[in-house]
Amino acid sequence: MMTKLRILGYGKALAQKPITNDDLSKMVDTNDEWIYSRTGIKSRYVTIDENTSDLGYRASCMAIDDAQINANELDIIIVATMTPDKFTPSVASMIQARLGIENANIYAFDINCACSGFIFALKIAAKLLEPGQKALVIGAETLSKIINWQDRTTCVLFGDGAGAMIVSADENAQSAAFYLHTINDDQQVLFANGISLDSAEQRYGNIQMKGQEVFKFAINAMSEAIIKVLEEADITLDDISLIIPHQANLRIIKAVAKKMNIDLDKFYINLEKYGNTSAASIPLALADANDQQMLGNNKKIIMVGFGAGLSYGACLLQI
Ligand code: ACO
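Residues numbered from 1 in each chain as written. Predicted model: local features only at pLDDT ≥ 70, side-chain atom pairs only at ≥ 80, totals over all residues. Heavy atoms only, no water.

S.K.: Give me the lowdown on the pairing of strand E5 (residues 107-111), citing residues and values where you can.
M.R.: Taken together, the five bridges between strand E4 (residues 76-80) and E5 define a ladder with parallel strand orientation. From the neighbouring strand, Ile-77 faces E5, where its bridge partner is Ala-108. Note on the crossover from E4 through helix H4 (residues 91-99) to E5: the handedness is right-handed. (Pairing = 2+ DSSP bridges. Helix = DSSP H or I, 4+ residues; strand = E, 2+ residues; numbered from the N terminus. Right-handed = clockwise from strand over helix to strand, strands pointing away.)

So, in structure tokens, the structure goes:
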């Protein structure tokens, strides 16, 4: 059964330090023309001394203010991240503690589904929320921790940041539709190693990627997820006001638009400023779209993402 979800508030947090393509060209053999024409990215923010929980906490405070609720009204906190501060406790537990929540019913946990994480977290919230309950759903990343800043094929793509959303299960709201899927990454096209058992020298890994394979996967995955979630909701693309895609690469978004014959203006795009912030990218885009008065008035929107796993999914909401 589809859960009826109402969005109560949005929040975002940018990392402190902007890094332009020109800045990167002083660090590796690259240039603004290559990066911009291949990706659509002009700059990204990276952290100086804030960790994932710090960015998530700032985004959460903003979402709580925007929703005009007290943090003690929250029942669930879910953080989607692939770059937690610690193995344990979860980033969500750390944020709960910083918010000083003393609600006897609250529980908090993280999920890792790479760049698709926010959509997966939202689906989990939709399944867990009882009528009248509220969840704080966050996508937060400090990818700069796991980027090899000497590898020009990956370091130009990513940024740090966080986005947050307060959702409630509300009988008077519209049903949310979801489509989630993971396929086998037999060829290891996208990964970052954790602690290695066999090498004390290389305990942690950087993001590694077969860019062109990910590129092809992304176009098919996003197109399929959009079609499936529309089928689930039993409506057509004409009913959709805005598509909020994972902000990885403008060429990927343009290819999806072309393949599906969708006007590019229907896609919300802010990757030029932030780069790919993984699980934070969709909630960051939502917060920006909300700032620009592009949400509300019962518009139907689709959020659609893809990432390591290989995972992908979409959520269709009326907001
Ligand atoms: N600056 C200059 N030259 C570069 C750079 C750079 N930053 N990076 C690579 N090159 C060079 C390559 O070495 C190669 O040179 P060669 O022809 O002499 O060998 C040339 O540029 C072309 O490289 P390609 O990899 O073929 O470039 P492509 O057009 O495929 O673009 C890119 C690469 C941007 C990575 C693209 O493949 C892409 O966006 N893929 C999807 C990546 C993605 O979205 N990943 C995130 C997934 S989400 C998650 O879960 C983390």
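Here the narrative resumes, following the displayed structure.
S.K.: How would you explain the pairing of strand E11 (residues 242-245) if you had to name every residue and give the values?
M.R.: On E11, burial covers both faces: Leu-242 and Ile-244 on one face and Ile-243 and Pro-245 on the other are all buried. The sheet contact formed by E11 and strand E12 (residues 300-307) spans four bridges and is parallel. Bridging from a neighbouring strand, Ile-244 pairs with Met-303 of E12. (Buried < 20%, exposed > 50% of the residue type's maximum accessible area, 1.4 Å probe, protein only.)

S.K.: Outline the side chain of Thr-81, listing residues and values.
M.R.: Within the secondary structure, Thr-81 is located in the loop between E4 and H4. Separated by 3.0 Å, the side chain of Thr-81 and the backbone nitrogen of Thr-83 make a polar contact. Only 3.2 Å separates the side chain of Thr-81 from the side chain of Glu-141, close enough to count as a polar contact. When near neighbours in sequence (up to four residues on either side) are disregarded, Thr-81 contacts Thr-52, Val-91, Asp-110, Ile-111, Asn-112, Ala-140, Glu-141 and Ala-279. (Polar contact = N/O pair within 3.5 Å; in protein donor to acceptor, adjacent residues only side chain to side chain. Contact = heavy atoms within 4.5 Å.)

S.K.: Residue-level account of the side chain of Arg-44, with values.
M.R.: Residue position: Arg-44 is located in strand E3 (residues 43-46). Of the side chains bearing the opposite charge, Asp-23 lies closest to the buried Arg-44, which forms no salt bridge; the N-O distance is 6.9 Å. Within the structure, Arg-44 has its side chain in polar contact with the side chain of Asn-21 (distance 2.9 Å). A distance of 2.8 Å separates a polar side-chain atom of Arg-44 from the backbone oxygen of Val-156. (Lys, Arg positive; Asp, Glu negative; His and termini not counted. Salt bridge = Lys/Arg side-chain N within 4 Å of Asp/Glu carboxyl O.)

S.K.: Explain the sheet that holds E11 residue by residue, including any values.
M.R.: Ordered by their spatial adjacency, four strands build an open sheet running E8-E13-E12-E11, and the pairing between neighbours is mixed. Only two strands of the sheet have a single neighbouring strand rather than two, namely strand E8 (177-182) and E11. Sheet twist, expressed as the mean angle between neighbouring strand axes with direction ignored, is 10°. Here E8 pairs with strand E13 (residues 311-318) via six bridges, running antiparallel. Opposite Thr-182, over in E13, you have Ser-311 as the bridge partner. Across the sheet, helix H5 (residues 117-128) lies against E8, E12 and E13, angled at about 125° from E8, the strand it touches most. (Axes fitted to C-alpha atoms, helices over the stretch in contact; angles between N-to-C directions.)

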